[in-house]
Amino acid sequence: MAHTFDDLVNLERLAEEAHAAYTTNPGDDTRAAWRDAADEFQAAVVKHAAAEGKSRYEVEMAAKKAVRHPEAEAA
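Quick notes on the rules
Residues numbered from 1 in each chain as written. Predicted model: local features only at pLDDT ≥ 70, side-chain atom pairs only at ≥ 80, totals over all residues. Heavy atoms only, no water. Helix = DSSP H or I, 4+ residues; strand = E, 2+ residues; numbered from the N terminus. Buried < 20%, exposed > 50% of the residue type's maximum accessible area, 1.4 Å probe, protein only. Contact = heavy atoms within 4.5 Å. Areas by Shrake-Rupley, 256 points an atom, 1.4 Å probe, with all protein chains shown as cover. Lys, Arg positive; Asp, Glu negative; His and termini not counted. Charge placed at Lys NZ, Arg CZ, Asp CG, Glu CD. Core = buried A, V, L, I, M, F, W, Y, C linked by side-chain atoms within 4.5 Å.

Looking only at helices and strands, the chain has 4 helices and 0 strands in total. When the backbone C-alpha atoms are referred to their principal axes, the chain occupies close to 40 × 30 × 15 Å. A buried classification covers 27% of the 75 residues belonging to the chain. Pairs at least 24 apart in sequence give 49% of the contacts found in the chain among residues at least 6 apart. When the accessible area of the chain is evaluated, it comes to approximately 5,000 Å², of which 53% is carbon and sulfur surface. Positive and negative side-chain charges in the chain, numbering 9 and 15 respectively, have mean positions lying 4 Å apart.

Below, the discussion takes up the side chain of H3. Counting through the fold element by element, H3 comes out in the segment before helix 1 (5-24). Its relative accessible area of 18% is what places H3 among the buried residues. Those residues in contact with H3 that sit more than four places away from it in its chain are L8, L11, A44 and H48.

Let's shift gears to the nonpolar core. One finds L8, L11, F41, A44, V45, A49, V59 and A63 forming the largest nonpolar core, which totals 8 residues. At the level of elements, helix 1, helix 2 (28-52) and helix 3 (56-68) are the ones that each hand at least two residues to this core. No other element matches helix 2, which puts 4 residues into this core. Filtering out sequence-adjacent residues up to four positions away, V59 remains in contact with F5, L8, V45, H48, A49 and K54.

So, in structure tokens, the structure goes:
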């Protein structure tokens, strides 16, 4: 299934939330949830980049920037 850029942003947001949960409450279950969310995001980035003919790195960084620095998108 092809992912839209908005899908990538949502997946990265979920990975960031899972990371925050892990840092708040480290444990095997929270670490596994973080790893799974990050893996899902990475897989989606690879598919999206290939479908769009773009660099995987550029797609990944754009999604991460949209999540971590949303004020830059609003300007």
